[in-house]
Amino acid sequence: MPNPYRSDPYRLPVAPPRNLGLRRGVLVFIAAVATVCALWACFLAVSSAMLNVLSLAGTGPADIADSFYDALEEHDYEKARSYLAPQLRDAFTVERLRTEWEQLEAGGRVVAIMESVTVENDTAHTNWLLRTDDNRSYHTSVVLEKTPDSWKITGSESQILPSP
């Protein structure tokens, strides 16, 4: 019977691995750093995509027309003018917007309700119902044109701010 404590003459002795714990620790550290980097890259990609989506939100013709009437409802006439195309901005001064909006508000607070929007190429038409607290209603429309930067209000098929 062979002696189990005797080494096989044909087999080279194998030294036990040294610093196996250290090697395993380094590999775990490298894997953790790689995972954190991958997660960070995913976070940056997702946040960048979200910022792009958010920057596009609110820039369509319906959004611009809605923002125009929101600014009027908030009495921010300078902001309302910023949604107008340059040729229309010249016609509608802050004072004119204030005067015409306050005439509408004589019957109480005015709420602008979008009824419809149609877009054909670089032109959009939005139809609005302006309703006052005393139940007066005015129908109006707003025409918008697409500029290189955004949509701008260029006119109306009736009146942007109807006369009461």
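Keep in mind it's a predicted model, so treat the numbers as computed, not measured.

Undergrad: Explain the confidence of the model for the chain to me, please; I cannot follow it from the model alone.
TA: In low-pLDDT segments, the atomic positions of the prediction should not be examined closely. For the chain, the average pLDDT comes to 79, and 71% of its residues sit at 70 or higher. Taken element by element, the predicted model of the chain shows its lowest mean pLDDT in helix H1 (residues 20-56) (67) and its highest in helix H3 (residues 77-82) (93). Predicted confidence is poor over residues 50-57, with pLDDT under 50, and the contacts of this stretch with residues over four places away or in other chains come to zero contacts.

Undergrad: What's the story with the sheet that holds strand E1 (residues 110-120) in this structure? I'm lost.
TA: The strands that make up a sheet pair up through hydrogen bonds in the backbone, lying either parallel or antiparallel. Across the sheet, four strands lie side by side as E1-E2-E3-E4; this open sheet has antiparallel pairing. One side of each edge strand has no neighbouring strand; the edge strands of this open sheet are E1 and strand E4 (151-155). Looking at each pair of strands side by side, their axes are set apart by 35 degrees on average, direction ignored. Pairing analysis gives four bridges linking strand E3 (residues 137-146) to E4, with the strands arranged antiparallel. The residue of E4 that forms the bridge with Val143 is Gly155. The strands that helix H2 (residues 61-73) touches are E1, strand E2 (123-132), E3 and E4; relative to E1, the one it contacts most, it runs at about 160 degrees.

Calculation criteria
- Residues numbered from 1 in each chain as written.
- Predicted model: local features only at pLDDT ≥ 70, side-chain atom pairs only at ≥ 80, totals over all residues.
- Heavy atoms only, no water.
- pLDDT = per-residue confidence, 0-100.
- Helix = DSSP H or I, 4+ residues; strand = E, 2+ residues; numbered from the N terminus.
- Contact = heavy atoms within 4.5 Å.
- Pairing = 2+ DSSP bridges.
- Axes fitted to C-alpha atoms, helices over the stretch in contact; angles between N-to-C directions.

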